[in-house]
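The residues making up each chain are set out below.
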Amino acid sequence: MRISDGKVITCSPGRNFVILKLETEDGVYGLGDATVNGRELAVASYLNDHVIPLLIGRDARRIEDIWQFLYKGAYWRRGPVTMAAIAAVDVALWDIKGKSLDAPVYQLLGGASRDAVMVYGHASGETIDETIESVGRYVERGYRAVRAQCTVPGMANTYGVTHGDAYEPAERGLAPETQWSSERYLPIVPPLFERLRAEFGSELHLLHDVHHRLTPIEAARLGRSLEPHHLFWLEDPTPAENQESFRLIRQHTTTPLAVGEVFNSIHDCRQLVQEQLIDYIRTTAVHAGGLSHLRKIASLAELYQVRTGCHGATDLSPVCMAAALHFDLSVHNFGIQEYMPHTAETDRVFPHRYTFAAGSMHPGDAPGLGVDIDEALAATFPYQRAYLPIARRQDGTMHDW
Ligand code: KDG
Ligand code: MG
């Protein structure tokens, strides 16, 4: 089963996606997501110019060997562009293997460890009252876990807050600038969760994303002040390049911590996991080397009772969402899956078999990943330059994002 062709499809049905389609001489094809939000074309070039020529003629069944060939063979290892390109190849090969064996990918990963995977939705509002209403709409739709974000008083365009229910952080054109003030942010979060607990009781899982914006000691203070409201997790409380920062946070709070959506390798996770400085690891298929590498991260995490919580924002395409759901269904130490529904255009470009019901999702039982791409329709939505916003403090200093 030799790889006979590879094609990179960039499209923008509401937002940009980079998809790899690998074909075999037997006529079976597989899809992989290679989208790196705001830096899409770098991965498209890496695949087109440097990876696809190396794949032609290789045996598509040798997934692990191809992974090692692309990783070790590059000499320059890791990094978001390299790892997203390897991820796209890896996921496309799992898709091909599933189709050729007539089995959904989760069966090849060891079979289902649960009936369905719990997901969390994104609620937000300009005020605490609006955020409570937004959480209520998720509860009405059956969600058992909801992330809640609220506008910081005096800060227009606070991270994570939207006016409808669909949150899309990237904007077309050049990078927009937003303002940030940790001094204004810190006092609003505890009352938000106090009100949410009073309104929804103790069973609803509540999550919050700090988006790397606090110093370790500020994060420790926030975690401690949220303890009475027992969050499911506090996400990315501080940037994780310096993983020792999390020792300081851990000394002060029992609020569970989730980190890793920007990680791209097991080496980024190692200290946080081995020192039990976090409770959930957020790496996902597209940014952390595909299903093959993600499974290794999960196995390391399992030793330390760290559970998975794959990133699932709208910049992770339906191809990545499908891959994540096969992984989530099968992996023993699954925690939760993030779920932000895509736009109707995106869903039309990527017909898929995964489903949502009663706060959980299932990848479906179609062979492979259970997701396809309508290439003719995708071509009607050409790539458009877009960036995530950047954040500056009130005196103009660039802030962490
Ligand atoms: O591309 C960046 C987004 O995926 C990110 O801003 C979303 O933090 C995020 C989350 O937790 O979904
Ligand atoms: Mg996040």
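Residues numbered from 1 in each chain as written. Chains lettered and ligands numbered in written order. Predicted model: local features only at pLDDT ≥ 70, side-chain atom pairs only at ≥ 80, totals over all residues. Heavy atoms only, no water.

**Considering the packing of helix H1 (residues 40-55) against helix H3 (residues 80-101)**
Step number 1: Packing of H1 against H3 brings their axes to within 10 Å, and their N-to-C directions diverge by 55°. Comparing the axis directions of H1 and H3 gives the class oblique. H1 and H3 meet at a crossing whose hand is right-handed. Judged by residue contacts, Ala42, Val43, Tyr46, Leu47, Val51 and Leu55 of H1 engage Val81, Thr82, Ala84, Ala85, Ala88 and Val89 from H3.
Step number 2: Along the lines of polarity and charge, the residues of the contact of H1 with H3 split into 11 nonpolar, 1 polar and no charged. (Axes fitted to C-alpha atoms, helices over the stretch in contact; angles between N-to-C directions. Helix = DSSP H or I, 4+ residues; strand = E, 2+ residues; numbered from the N terminus. Parallel < 35°, antiparallel > 145°, perpendicular 65-115°, else oblique. Left-handed = near helix turned anticlockwise from the far one by under 90°. Contact = heavy atoms within 4.5 Å. Nonpolar A, V, L, I, M, F, W, Y, C, P; charged D, E, K, R; others polar.)

**Quick word on the environment of Thr127**
Step number 1: Along the chain, Thr127 turns up in the loop between strand S4 (117-125) and helix H5 (128-140).
Step number 2: Residue classification places Thr127 among the partly exposed positions, given a relative accessible area of 38%.
Step number 3: Along the sequence, Thr127 and Arg250 sit 123 residues apart, while their C-alpha atoms lie 30 Å from each other. (Buried < 20%, exposed > 50% of the residue type's maximum accessible area, 1.4 Å probe, protein only.)

**Some remarks on the pairing of strand S7 (residues 177-180)**
Step number 1: The alternating pattern of S7 places Thr178 and Trp180 on a buried face and Glu177 and Gln179 on a face that is not buried.
Step number 2: Both S7 and strand S17 (residues 390-393) contribute to a ladder of 4 bridges, which runs parallel. Looking across to S17, one finds that Glu177 is bridged to Ile390. (Pairing = 2+ DSSP bridges.)

**Considering the domain arrangement of the protein**
Step number 1: According to the domain assignment, the protein consists of domain 1 (3-103) and domain 2 (108-366).
Step number 2: Each of domain 1 and domain 2 has a C-alpha centre, and these two points are 26 Å apart.
Step number 3: Between domain 1 and domain 2, the contact holds 33 residues from the first and 33 residues from the second.
Step number 4: For the domain 1 and domain 2 pair, buried surface summed over both sides reaches about 2500 Å², with 61% attributable to carbon and sulfur atoms.
Step number 5: Its largest share of buried area at the contact with domain 2, domain 1 owes to Pro13, Asp33 and Trp94, together 22% of the area lost on that side.
Step number 6: At the boundary of domain 1 and domain 2, one finds 3 salt bridges.
Step number 7: The closest approach of N and O atoms between Arg15 and Glu168, which form a salt bridge, is 2.9 Å. (Domains from an automatic or database assignment. Buried area = accessible area lost by both parts, 1.4 Å probe. Salt bridge = Lys/Arg side-chain N within 4 Å of Asp/Glu carboxyl O.)

**Overview of the site of ligand 1**
Step number 1: In the vicinity of ligand 1 there are 14 residues, among which Asn37, His211, Glu261, Asp315 and Glu338 approach most closely.
Step number 2: One of the side-chain N or O atoms of Asn37 is found 2.8 Å from an oxygen atom in ligand 1.
Step number 3: At a separation of 2.7 Å, an oxygen atom of ligand 1 approaches a polar side-chain atom of Glu261.
Step number 4: When the free accessible area of ligand 1 is taken as 330 Å², the share hidden by the protein chains comes to 94%.
Step number 5: Grouping the constituent residues of the shell around ligand 1 by class yields 3 nonpolar, 4 polar and 7 charged. (Near = heavy atom within 4 Å. Polar contact = N/O pair within 3.5 Å; in protein donor to acceptor, adjacent residues only side chain to side chain. Areas by Shrake-Rupley, 256 points an atom, 1.4 Å probe, with all protein chains shown as cover.)

**Observations concerning the sheet that holds strand S1 (residues 3-11)**
Step number 1: Read across the sheet, 3 strands follow the order S1-S2-S3 without closing on themselves; strand pairing throughout is antiparallel. Whereas interior strands pair on both sides, the edge strands pair on one side only; in this sheet they are S1 and strand S3 (29-33). Across the sheet, the mean angle from the axis of one strand to that of its neighbour is 20°, orientation sign disregarded.
Step number 2: In this structure, S1 lies alongside strand S2 (residues 17-24), joined through 8 bridges in antiparallel fashion. Of the residues in S2, the one forming a bridge with Ile9 is Ile19.

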